Amino acid sequence: MRWQMAGDGLDVTVEWRDGALLAMVQRAGITGTPQPLGLVSLDGQPLRLAPPHRVEHGDGVRGARRLTLEAASEPDGLLYRQIVEVTPDRPFARFAGELHNAGTRTIHVTAATFMQLAVVGAPSHVFHVEQFSWQYRRDFFSQNQVLLEIARAPHRIAMGSHPSHYWAPSSCAWLALRPATPHAHGAEIAAGPGLVVGFEFNGKFHASAWAEPHQTHVSATIDALNHRLAPGATFDLPAWFVGAYDGDWDEAGYVTQRFSEAYIAPPLPDARYPWVQYNSWKYGREIDEQQQLAVIERCAQLGIELVVLDLGWSAAIGDWRPDPVKFPRGLRPLAERARALGMRFGVHLALPQCSVSAPIAQQHPEWIICPEVDDYFGAGSLCLGHEPCRDWLIGEILRLIDEEGIEYIIHDGEDMVKYCTRTDHSHAPGDSNYANSQRGIDVVMSTVRRERPDVVLENCEDGGCMMTFRMVRTYDTSITVDNIATYATRQGIYGASYPFSPRYSVRYMEDDPTPYTLRSSIFGGPLILMQRLTEWSDADLALTIEAIAQYKRLRGLIRDARILHLVPPRANVERRGIGWDAIGALQADGQRAVVFVFRALGGPDRFAVRLRALDPAASYAVSGSDAGALGVYRGAALMAEGITLQLGEESAEILELERQAADGGVA
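Here is what the cut-offs are and how they apply
Residues numbered from 1 in each chain as written. Predicted model: local features only at pLDDT ≥ 70, side-chain atom pairs only at ≥ 80, totals over all residues. Heavy atoms only, no water. Helix = DSSP H or I, 4+ residues; strand = E, 2+ residues; numbered from the N terminus. Rg over C-alpha atoms; globule rule 2.2 N^0.38 Å. Buried < 20%, exposed > 50% of the residue type's maximum accessible area, 1.4 Å probe, protein only. Contact = heavy atoms within 4.5 Å. Areas by Shrake-Rupley, 256 points an atom, 1.4 Å probe, with all protein chains shown as cover. Axes fitted to C-alpha atoms, helices over the stretch in contact; angles between N-to-C directions. Parallel < 35°, antiparallel > 145°, perpendicular 65-115°, else oblique. Left-handed = near helix turned anticlockwise from the far one by under 90°. Nonpolar A, V, L, I, M, F, W, Y, C, P; charged D, E, K, R; others polar.

Secondary structure summary: the protein chain contains 11 helices and 42 strands in total. The globule rule puts the C-alpha radius of gyration for 667 residues at 26 Å, and the 25 Å found for the protein chain is close to it. Once the C-alpha set of the protein chain is aligned to its principal axes, its extents read approximately 75 × 65 × 40 Å. Considering the protein chain as a whole, with its 667 residues, one finds that 61% of them fall into the buried category. Residue pairs in contact within the protein chain that sit at least 24 positions apart in sequence constitute 71% of those at least 6 positions apart. Total accessible area on the protein chain is roughly 23600 Å²; 51% of this is exposed by carbon and sulfur atoms.

Shown next as structure tokens:
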């Protein structure tokens with residue numbers, strides 16, 4: 001039994017064979033081999049399926065073509081449903097499965113390899129990008145290019161929600177593959193046909209990539225799974241997607257971003273997005289109504305579009321009511337003043353945390369995993385995999401939104417997917433990874449989005465440690481690096497803008513405003529000022545107003561552009577960095593580009609920045625924010641010799657390119 005789906009440059013074949021559903025992908029230059037879908041173990045035994053009894057073709061998400069297969073598992077009384085979607089306008093396919101218990105006894109799902117892919121040819125290169133970490137290393141969102149050689153152990157990559165204070169690496173839930181070129185160890189490899197894979201799971205899992213003779217494999221497996229599947233219940237396997245590209249790692253990222261924006265991410269909140277925002281964290285937790293009303297006035301002066309109160313506004317962590325001493329009239333007066341000045345208003349919530357002094361902790365002390373542990377600013381850990389706790393939190397968030405006029409929520413916490421072994425919770429012991437993700441934080445935030453669709457959501461899990469496409473499906477934006485210095489901020493956007501659109505790269509600016517620090521914060525977005533704005537000088541205000549205007553002028557181009565990773569920032573020494581780095585954005589039609597060039601400490605005084613992806617035969621007028629008009633250059637020259645700039649230490653230049661028409665005017 002076989003079913004074929006033709007996409008835009010990527011075809012999928014699904015077949016039933018020997019008790020399993022298998023799928024393979026094909027594209028020009030890449031041949032797949034059949035691999036199992038939904039490789040699930042039940043009570044330690046593999047799931048075996050009868051031939052599908054239902055086959056349905058229809059419309060999928062946002063115009064995708066969908067194939068749905070249903071098959072029974074005997075004698076367990078289980079029904080397995082597999083969904084495969086191909087997109088008509090992009091070379092991508094998406095896979096999702098679910099297992100329904102139609103029987104009469106509870107079954108334990110003890111293992112799930114939810115993704116498997118194999119292609120003819122080995123060795124291959126795999127490329128992935130790390131997440132944020134306070135402990136593992138200080139070069140955040142580092143890029144890894146690994147040669148998968150035959151007869152070597154699989155390259156294992158931890159992904160999903162991980163605590164940033166652990167001494168171990170974890171990566172964004174995405175990778176790219178490309179056939180290897182001879183003798184390519186550690187070197188930049190030639191462009192060629194390749195595949196990208198993205199994972200829609202916020203729990204902890206690991207991807208593995210390895211080479212066998214004539215074949216390269218990738219798989220993904222949920223960590224620590226022991227899910228209790230009761231009669232009538234459904235187990236959702238995490239979804240994943242695969243896409244095709246031709247080119248370098250920049251191209252792999254670009255096709256992923258365009259697919260994600262079209263088929264996964266929520267629509268933009270408005271045409272101006274990503275916004276310029278303010279966050280109160282630099283004032284600490286000692287915030288109050290009069291202080292923040294004064295800040296709101298300053299925000300309007302600067303051209304800020306959203307005001308957010310960080311930790312410290314509530315009665316306690318886990319008691320999500322305004323502190324009656326700091327905010328005796330609640331938060332609505334601040335929200336209304338912000339709106340009167342043309343801004344939105346939001347708050348910070350530490351969703352999986354709760355102080356033992358909060359009323360809910362007094363009523364339900366069993367909801368806190370370990371009450372005596374200080375997990376987050378004196379608060380303990382809530383188990384969102386425990387259904388009563390999860391449902392209470394949903395109600396509290398909806399109440400807060402309605403009572404206080406909240407239009408934006410940034411959620412935080414020390415690892416959103418908690419480890420819980422309690423036996424008095426609704427999840428099975430040993431299943432907190434799945435329960436706290438797929439049945440916990442995902443249900444909380446997707447319910448908030450569904451019930452209050454106008455509220456904008458920001459992921460701030462532990463400083464940038466839940467960088468997944470399940471996160472993208474739910475949230476409008478995400479942190480990349482936590483409240484941190486200028487150089488690290490650039491590292492965050494440089495790495496994260498491979499898999500994720502630039503709008504998923506919150507720019508927390510904590511350093512004092514200078515041309516260098518401001519320019520380091522305006523590529524990507526949202527741009528969030530995290531300073532004591534009421535204490536700024538007139539010079540600080542003037543510099544920031546100018547930078548905000550420049551950010552607003554460029555944000556649309558950068559948001560939708562092909563990101564050009566030109567010179568990586570790889571030396572986060574003493575928070576200030578060493579040498580030069582550069583990143584660019586090329587408009588989809590190739591008519592405009594912008595390049596941000598930075599020099600941290602040391603390095604040469606002069607540096608040639610070479611561009612990519614330009615039309616070699618076209619001419620481009622180049623100008624700098626400081627240097628002014630620099631001349632007209634052929635695309636071939638800009639890519640081969642580049643533009644040579646002279647910058648002092650801790651300074652920056654922004655170059656803009658306009659493609660010229662044949663007669664010398666703007667194309």
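Following the structure, the description resumes.
Moving on: unusual backbone geometry. That bond from Ala-122 to Pro-123 is cis: its omega, 0°, falls within 30 degrees of zero. Considering the arrangement of structural elements, one finds Pro-123 in the loop between β12 (107-120) and β13 (124-129). Here the amide bond leading from Tyr-273 into Pro-274 is cis, since omega sits at 5°, within 30 degrees of zero. Along the polypeptide, Pro-274 turns up in the loop between α1 (249-263) and β23 (276-279). You will see that Arg-62, though not glycine, has its phi angle at about 55°, which is positive. Along the chain, Arg-62 turns up in the loop between β8 (54-59) and β9 (65-73). Under the relative-accessibility criterion, Arg-62 is labelled partly exposed at 43%. Here the phi dihedral of Ala-224 falls at roughly 45°; this positive angle occurs in a residue that is not glycine.

This part covers the packing of helix α5 (residues 387-404) against helix α6 (residues 432-451). Packing of α5 against α6 brings their axes to within 10 Å, and their N-to-C directions diverge by 30°. The orientation of α5 with respect to α6, classified from their angle, is roughly parallel. The interaxial crossing formed by α5 with α6 has right-handed handedness. Here Arg-390, Leu-393, Ile-394, Ile-397, Leu-398 and Ile-401 of α5 come into contact with α6, specifically with Arg-439, Gly-440, Val-443, Val-444, Thr-447, Val-448 and Glu-451. The residue makeup of the contact of α5 with α6, split by class, is eight nonpolar, two polar and three charged.

The analysis is restricted to geometry; functional conclusions fall outside its scope.
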